[in-house]
Amino acid sequence: QVQLVESGGGLVQPGGSLRLSCAASRTIDSIYGMAWYRQAPGKQRDLVARLTSVGSTIYADSVKGRFTVSRDTAKRTMYLQMNSLKPDDTAVYYCHWGTAQGFYWGQGIQVTVSS
């Protein structure tokens, strides 16, 4: 069983930065895609950024130019660098990996942008 563990969340002021990490408990073969989602209170879970198996990236319009998704294969970790954070970015952030063995979600991590 694979576990994805997120870290790096917390409270930050508007305009600040955070870097989220999503680490797998073991090496996973055949990763088809990796993504970050977020869910604000009372709202649905939305895609934030996607990283395909060939390295292409897709971003939600609301985060383009501010967020960057990346991975470190050797460390079995995916990252989300978040800059110029806004109060509307406040949400629980989830990582999601699609693999040949199945689909995996992280437990979620809170990001709060507030002064």
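What you are looking at is a predicted structure, and each value in this text was computed from that prediction instead of being measured.

1. Focus: the side chain of Arg 66
In this structure, Arg 66 sits in the loop between strand E6 (57-59) and strand E7 (67-72). What Arg 66 contacts, discounting residues up to four positions off in sequence, is Gln 81, Met 82, Asn 83, Ser 84, Leu 85, Lys 86 and Asp 89.

2. Topic: the sheet that holds strand E1 (residues 4-7)
Read from one edge of the open sheet, four strands run E1-E3-E8-E7, paired in antiparallel fashion. Of all the strands in the sheet, the pair left with one neighbour each is E1 and E7. Across the sheet, the axes of successive neighbouring strands diverge by a mean angle of 15°, strand direction being ignored. As paired strands, E1 and strand E3 (residues 18-24) are joined by four bridges and run antiparallel to one another. The residue bridging Leu 4 from the neighbouring strand is Ala 24, located in E3.

3. As for the pattern of salt bridges
When charged atoms on two side chains of opposite charge get close, those side chains can pair. Using the criterion set out here, one finds three salt bridges in the structure. For Arg 66, the salt bridge identified is with Asp 89, shortest N-O distance 2.8 Å. Of this pair, Arg 66 sits in the loop between E6 and E7 while Asp 89 sits in the loop between strand E8 (77-82) and strand E9 (91-99), placing them 23 residues apart in sequence. Both residues of the pair, Arg 66 and Asp 89, belong to the buried class. One network of salt bridges, with partners in common, ties together Arg 38, Arg 66 and Asp 89.

4. Regarding the environment of Val 48
One can find Val 48 in strand E5 (residues 45-52). Spatially, the C-alpha atom of Val 48 lies 8.3 Å from that of Ile 58, the residues being 10 residues apart in sequence. For Val 48, the contacting residues outside a window of four places in its chain are Trp 36, Tyr 37, Arg 38, Ile 58, Tyr 59, Ala 60, Val 63, Phe 67, Leu 80 and Tyr 93.

Cut-offs and rules
Residues numbered from 1 in each chain as written. Predicted model: local features only at pLDDT ≥ 70, side-chain atom pairs only at ≥ 80, totals over all residues. Heavy atoms only, no water. Helix = DSSP H or I, 4+ residues; strand = E, 2+ residues; numbered from the N terminus. Contact = heavy atoms within 4.5 Å. Pairing = 2+ DSSP bridges. Axes fitted to C-alpha atoms, helices over the stretch in contact; angles between N-to-C directions. Salt bridge = Lys/Arg side-chain N within 4 Å of Asp/Glu carboxyl O. Buried < 20%, exposed > 50% of the residue type's maximum accessible area, 1.4 Å probe, protein only.

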